[in-house]
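Architecture and fold: a report
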Amino acid sequence: MIKITLPDGSIREYEAGITPYQIALSISEGLARNVLAAEVDGQVWDSSRSIEADSHVRLITWNDKEGKSTFWHSSAHLMAEALEALYPGTKFGIGPAIETGFYYDVDFGDREFSSDNFKEIENKMLELAKKKSVFERKPISKADAVSFFTDKGDEYKLDLIKDLPDGSITLYTQGDFTDLCRGPHIPNTGFIKAVKLMNVAGAYWRGDENRKQLTRIYGVTYPKQSELADYLKMIEEAKKRDHRKLGKELELFTFSEKVGMGLPMWLPKGTALREKLVQFLQRAQVKSGYEQVITPHIGHKNLYVTSGHYEKYGADSFQPIKTPQEGEEFFLKPMNCPHHCELYKFKPRSYKDLPVRFAEFGTVYRYEQSGELHGLTRVRGFTQDDAHLFCRPDQVKEEFKKVIDLVLYVFNALGFNDYTAQVSLRDPENKTKYIGTDENWALAEAAIIEAAAEKGLPTVVELGEAAFYGPKLDFMVKDALGRRWQLGTIQVDYNLPERFELEYTGSDNQKHRPVMIHRAPFGSLERFVAVLIEHCAGNFPLWLTPDQFIVLPISEKYEDYAKKVLESLNNSDIRGLIDLRDEKIGRKIRDAEIKKIPYMLIIGEKEMSEGLVSVRKHGEGDLGSMTAEAFEKQLITEVTV
Ligand SMILES: [Zn+2]
Ligand SMILES: [Zn+2]
């Protein structure tokens, strides 16, 4: 008999050779029907693979991250089976699961291929899925694997086998298709009930542009047709909300190849929005005891030698800026922390001075590969809503609680109501790879967990996910389309205080090292605005929106009165504009709707003679007429956060 420990800590005894599927069956038939794979002692396995020794077992279903990736990876095999049946002679590269769905890189030889072929492949996949073919695992020697794929004429698989040690190689077969794979897979193809191929692109074999370009086919599958339908609806909606598209339509930001790829430029309306965000956070930070600082955009090479960034990122990032002076080098700053460490050192600090909290909207530059650049979410220059807190070890918990309050205040004000936190701790089995004393780590880790619990933050704890220099807490928000984004972050750092030899004088009159905490509620303004645009589909909260109202005179006759109305309304609390184009009022309203301007003030004969404005609300319609003063009052109440 062997002992199987389940995630709830319960221990069950079974005959050696029991499979995860059988374990599930011994618990309930319903569970067994849904088991896709299992984690056995930390490794994800086929649910049909036998367990020979005492183990910790976690059964995996569609609801688990690993369940989805196993499902999607297995679907890549199913697609390959369909491709081989439809287009004999197709050669196969790799077919992994991705965040949503899967792809397979294939070589069709001389065959023409386009998305016109998708339908017949989808149909073939569904037809093959109905056969409920089992994914059979077979360990094979390297020599036999080589001979199998030599016979098949699949040079890509042979190229992959080259790097695999003998004894580690397995084949999986479902139906008539056999693939080189280490697994795991779902029990059989019958679980796959809904199929959609999404996209086709070129991809160099092994990412090497000197090698052959293969055809990469992306797809997604689901265990239910309705889940696929929901997903496709979400994709459609996401396209409409794409921040790159809305950024252009709402005139928020732009890029120019002449300026350089990945370097966003903020247009006047985007700048107005961004400034509002900055002011909003600055006000909140002043209340929380932060002090605003400003540091330059570049730093001397020695700064980054001290911080360790030079050694770690020097070669892969923007190259040094040289000066006329021999050997002198500066770098664009990739982060603000080293500068802030030097600010801390400006004068001696006592335990009574701590915490010191330096905040800066610091613009930093990081070289991202051009293929990685994406709208405002992956850029080469961005502004962090950065701050560094220097505190005593006994203050870490209190500081975390304060930062959590601040982050949640920001999320609430901007309509992100669904969030969780991930706490990343060190790997307790491998303490040597982390810098800092055991005592400090224990203190900080406990402080973070307690702070999150006391703030009622829904939290998952990940062991081994901490950086080498300290534990951290990341905020994950779910947007209106159910997508998850990592936004705010709070990170403890024992490394930089050591490298910069930061000190404070303790109550014992001895020198001590402060703990440094990096934190950024938005992360970066660029990325945050991108997420916000997609979350609210460009309908920003009223206080944040660049233009809150637009005055629309019906014809030239009413222009003077309309201008007077605009003048009387524009002030430091609210902002609007006027549409003086020679267009029909219907057209003016439609354009204002596209620009997502919250309020339209329509002015014609009746309004002018009675000294009123007719108010229309974006997405809602007519609100009736009122005086400009009444409208102003209403708007000011609404924009007060
Ligand atoms: Zn596989
Ligand atoms: Zn930092």
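The structure contained in this document is the topic of the report that follows. Numbers given for residues are sequential positions, taken from 1 along each chain in its written order. Each chain gets a letter, beginning with A, and each ligand a number, beginning with 1, in the order they are written. Whole-chain, interface and lining totals are the exception, using all residues; otherwise, since this is a predicted model, local features are given only for residues with pLDDT of at least 70 and side-chain atom pairs are given and counted only at 80 or more. Side-chain numbers come from the whole structure's heavy atoms, not from hydrogens or water.

What to know about the packing of helix H5 (residues 142-152) against helix H6 (residues 155-162)
One way to put it is that H5 packs onto H6 with a least axis distance of 8 Å and a crossing angle of 165°. Compared by their axis directions, H5 and H6 come out roughly antiparallel. Classified by chirality, the crossing of H6 by H5 is left-handed. Judged by residue contacts, Lys 142, Ala 145, Val 146, Phe 149 and Thr 150 of H5 engage Lys 157, Leu 158, Ile 161 and Lys 162 from H6. We call Asp, Glu, Lys and Arg charged. Ala, Val, Leu, Ile, Met, Phe, Trp, Tyr, Cys and Pro are nonpolar, and the rest, Gly among them, are polar. Of the residues belonging to the contact of H5 with H6, the class tally is five nonpolar, one polar and three charged. Axis definition: a line fit to C-alpha positions, over the contact stretch in the case of helices; interaxial angles, taken between N-to-C directions, run 0 to 180 degrees. Strands here are runs of E lasting at least two residues and helices are runs of H or I lasting at least four, both read from the DSSP assignment and numbered beginning at the N terminus. Should an angle fall under 35 degrees it is taken as roughly parallel, and over 145 as roughly antiparallel, whereas 65 to 115 is taken as roughly perpendicular and any remaining angle as oblique. In this scheme the crossing of two helices becomes right-handed for a clockwise turn of the near helix relative to the far one and left-handed for an anticlockwise turn of less than a right angle. Whether two residues touch is decided by their heavy atoms; if any such pair falls within 4.5 Å, the residues are in contact.

Focus on a nonpolar patch on the surface
Here a patch means residues that are over 30% exposed by relative accessible area and free of salt bridges, tied together within 9 Å if like-charged and within 5 Å if nonpolar (Val, Leu, Ile, Met, Phe, Trp, Tyr). Note on areas: Shrake-Rupley, 1.4 Å probe, and residue coverage restricted to the protein chains presented here. When a carboxyl oxygen of Asp or Glu lies within 4 Å of a side-chain nitrogen of Lys or Arg, that pair is called a salt bridge. There is a patch of nonpolar side chains on the surface, built from Ile 449, Val 461 and Leu 463 and spanning about 260 Å² of accessible area. Note on placement: Val 461 falls in strand E22 (residues 459-463). Burial status follows relative accessibility: with a 1.4 Å probe on protein chains alone, a residue under 20% of its type maximum counts as buried, one over 50% as exposed, and anything between as partly exposed. With a relative accessible area of 43%, Val 461 lands in the partly exposed category.

Side note on the coordination of the zinc ion (ligand 1)
Four donors placed tetrahedrally around a metal ideally meet at 109.5 degrees, and six donors placed octahedrally ideally meet at 90 or 180 degrees. Here a donor is an N, O or S atom found within 2.8 Å of the metal, or within 3.2 Å if the metal is Na, K or Ca; sites may look incomplete because water is not among the atoms. Protein-derived coordination of the zinc ion (ligand 1) comes from His 73 (NE2), His 77 (NE2), Cys 181 (SG) and His 185 (NE2), at a distance range of 1.9 to 2.1 Å. For the zinc ion (ligand 1), the four donor atoms are set out with angles of 91 to 127° between them, so the coordination reads as tetrahedral. Look at where the donors of the zinc ion (ligand 1) fall in the sequence and you get H-x3-H-x103-C-x3-H. A residue pair is termed long-range when its members are at least 10 positions apart, and His 77 in helix H3 (residues 65-86) and His 185 in the loop between strand E10 (177-180) and strand E11 (194-204) qualify at 108 residues. Sites are called tetrahedral only when four donors show all angles between 85 and 135 degrees, square planar or octahedral only when four or six donors show opposite pairs over 155 degrees and all other angles between 65 and 115, and irregular in any remaining case.

Some remarks on the packing of helix H13 (residues 396-413) against helix H14 (residues 438-454)
Contact geometry for H13 and H14: axes closest at 8 Å, N-to-C directions at 40°. The angle between H13 and H14 places the two elements in the oblique class. Where H13 crosses over H14, the two elements pack in a sense that is right-handed. Residues Val 396, Lys 397, Phe 400, Lys 401 and Ile 404 of H13 form the contact with H14, whose own contacting residues are Ala 444, Ala 447, Ile 448, Glu 450, Ala 451, Ala 452 and Glu 454. When grouped by side-chain class, the residues that make up the contact of H13 with H14 number eight nonpolar, no polar and four charged.

Description of the sheet that holds E22
With mixed pairing, the eight strands of this open sheet are ordered in space as E15-E19-E20-E27-E24-E23-E21-E22. Of all the strands in the sheet, just strand E15 (291-292) and E22 have a single pairing partner and so form its edges. Two elements, E15 and strand E19 (residues 356-365), share two bridges in a ladder whose sense is parallel. Across the sheet, the residue bridging to Gln 292 is Ala 359, located in E19. Running at roughly 160° to E19, helix H9 (residues 268-287) makes contact with E15, E19, strand E20 (381-391) and strand E27 (515-520) of the sheet. Note on pairing: DSSP must find at least two bridges between two strands before they are called paired.

Remarks on the coordination of the zinc ion (ligand 2)
Summarising the metal site, the zinc ion (ligand 2) is bound by the protein donors Cys 337 (SG), His 388 (NE2) and His 518 (ND1), whose distances to it range over 2.0 to 2.4 Å. When the donors of the zinc ion (ligand 2) are listed by position in the chain, the intervening gaps give C-x50-H-x129-H. Of the two residues, His 388 is situated in strand E20 and His 518 in strand E27; the sequence distance between them amounts to 130 residues. Accessibility classification places His 388 together with His 518 in one group, the buried group.

Observations regarding the side chain of Ser 424
Tracing the backbone shows Ser 424 in strand E21 (residues 419-425). On the basis of relative accessible area, Ser 424 is assigned to the buried category, the value being 1%. Under this definition, polar contacts are N or O atom pairs within 3.5 Å; protein pairs additionally need one hydrogen-donor-capable and one acceptor-capable atom, and for neighbouring residues in sequence, both atoms have to be side-chain atoms. Within polar-contact distance, the side chain of Ser 424 engages the side chain of Gln 422 at 3.3 Å. Non-local contacts of Ser 424, meaning those with residues more than four positions away in its chain, are made with Glu 462, Glu 465, Ala 466, Pro 471 and Lys 472.

Some points on the nonpolar core
Leu 277, Phe 411, Leu 414, Leu 473 and Phe 549 are the most contacted members of the largest nonpolar core, which has 86 residues in total. Among the elements that line this core, the one with the most residues is H13, at ten residues. Membership of the second largest hydrophobic core comes to 36 residues, among which are Tyr 87, Phe 135, Val 195 and Tyr 222. In this text, buried Ala, Val, Leu, Ile, Met, Phe, Trp, Tyr and Cys residues form a nonpolar core when linked through side-chain atoms within 4.5 Å.

Digging into the environment of Ala 453
Tracing the backbone shows Ala 453 in helix H14. Residues Ala 453 and Lys 401 lie 52 residues apart in sequence; the distance between their C-alpha atoms is 9.7 Å.

What about the sheet that holds strand E6 (residues 91-92)?
Here we have four strands laid out as an open sheet, ordered E6-E7-E12-E11, and antiparallel in their pairing. Every interior strand has two partners, whereas the edge strands, E6 and E11, have only one. As judged from the ten bridges shared by E11 and strand E12 (residues 213-222), these two strands associate in the antiparallel manner. If you follow Asn 199 over to E12, its bridge partner there is Tyr 218.

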